Every structure is written in structure tokens, then in C-alpha cells.
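The chain contents come next:
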Amino acid sequence: MPRKSRIDAAGALHHVMVRGIEGTAIFRSDIDRDNFVERLGKILQDTHTLCYAWALLPNHFHLLLRTASVPISTVMRRLLTGYALWFNRRHRRYGHLFQNRFKSILCQEDVYLLELVRYIHLNPVRAHLVETLDELSRFAYSGHSVLMGKVKNSWQQTQP
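Given the structure is predicted, the values throughout are model-derived calculations rather than measurements.

With respect to the element layout, Asn88 can be found in helix H2 (residues 72-90). Since its relative accessible area comes to 12%, Asn88 is described here as buried. Here the side chain of Asn88 touches Gly95 through a polar contact of 2.9 Å, landing on its backbone oxygen. In this structure, Asn88 is in contact with Arg93, Tyr94 and Gly95, ignoring residues within four places of it in sequence.

Below, the structure is given as C-alpha cells:
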């Protein structure tokens, strides 16, 4: 049975989730996370896609993206393919890195949008990567640290 097409239009907000195959780690070190963040930033700038929230966890990640004229599937294909090839080469592994295709949920309501930003940014606390909000403010692999002014990047939007 064929997969259903994704609903996408310029300006659509997408909560994107990607997991490692069989729950395995897709980020083994800060080198992996740094490469992913740099790659994400370049692709977002190239495609004029806006990022409002993001969090990297060892075996999955969340993004809240607003597309421009480039469809979300093109943005994610560039990100996931490039990162998987780099990761496999770096770690001398073969095969799929990600479980299935990425999951994308359209976000339309302002109340849901604010709750979604909170949910994504608090993921590292729920996963016990950090224990307190103060630690989260300094955690370099979540957009919360950018919003708090502790980490800088040129591609994350601070207002939807």
C-alpha cells in the first residue's frame, strides 16, 4: 500500500520527529551533534526554512520548522541523507541510521504552538540529559539555550 503524501505548503509549521533505527543512538558524541547542528543550520539558511524549537537526544530529535518555498520533504531529505552518510563513514558502519521516514505533524493553533515549543525544549530534562532548568539553559543541543541567550546560532528564530 503506498504511503500518503505529506500535507505541505509555504508557511506551514511542522513538528518533525526522527528516531534511530531500532532505538539506537544517532548521536554518539558532541562531534556528531555539532556536525548535525551545523548541517541543519546551513540547510535552513539555504532553503529559508525557519526553526522555532529543536532538541537533540541520543536516539532521536525534534524540530519545529516553518517551511518557505522548499517543501519539508526536500529539507529533511538533505538533512537526513547528508548526516547519515557522514555518520556511517565516521563510525565505520553501513545501512540505515533512521527508523522509517521522518514523522511530521502540522501545527496550526497558537496555543498548541506554545505548548509544542515547551515540549520540545524540555525533552532533555525528561530524558535526564540535564537535571535542572539552569542546566538546560546551558545545554548546547536544544533551542532553549539559544532563547535564554547562553548559546548563539544564526539560524534559530526566537519568535514564531
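On to the nonpolar core. Grouped together as the largest cluster of nonpolar side chains are 31 residues, with contacts concentrated most on Phe61, Leu63, Met76 and Phe98. Residue assignment for this core shows that the elements contributing at least two residues are strand E1 (13-19), helix H1 (30-47), strand E2 (50-57), strand E3 (60-66) and H2. Tallying contributions element by element places H2 first for this core, with nine residues. The residues contacting Phe98, other than those within four sequence positions of it, are Val18, Arg19, Gly20, Ile21, Ile26, Phe61, Leu80, Tyr83 and Ala84.

In total, this model carries nine aromatic pairs according to the counting rule given. Taking 5.2 Å as the distance between ring centres and 80° as the angle between the ring planes, the aromatic pair formed by Phe27 and Phe36 counts as edge-to-face. Residue classification places Phe27 among the buried residues on the basis of a relative accessible area of 3%. Ring geometry for Tyr83 versus Phe87: centroids 5.8 Å apart, planes at 40°, classification tilted. With Tyr83 and Phe87 both in helix H2 and four residues apart, the pair spans about one turn of that helix. A relative accessible area of 0% places Tyr83 in the buried class. In textbook terms, an aromatic cluster arises when at least three aromatic residues are bridged by ring pairs, as seen for Phe27, Phe36, Phe61, Tyr83, Trp86, Phe87 and Phe98. In this arrangement the basic side chain of Arg33 is found over the ring face of Tyr141, its NZ or CZ atom lying 5.4 Å from the centre.

Criteria and cut-off values
Residues numbered from 1 in each chain as written. Predicted model: local features only at pLDDT ≥ 70, side-chain atom pairs only at ≥ 80, totals over all residues. Heavy atoms only, no water. Helix = DSSP H or I, 4+ residues; strand = E, 2+ residues; numbered from the N terminus. Buried < 20%, exposed > 50% of the residue type's maximum accessible area, 1.4 Å probe, protein only. Polar contact = N/O pair within 3.5 Å; in protein donor to acceptor, adjacent residues only side chain to side chain. Contact = heavy atoms within 4.5 Å. Core = buried A, V, L, I, M, F, W, Y, C linked by side-chain atoms within 4.5 Å. Phe/Tyr/Trp six-rings, centres within 6.5 Å; stacked < 30°, edge-to-face > 60°. Lys NZ or Arg CZ within 6 Å of the ring centre and 35° of its normal.

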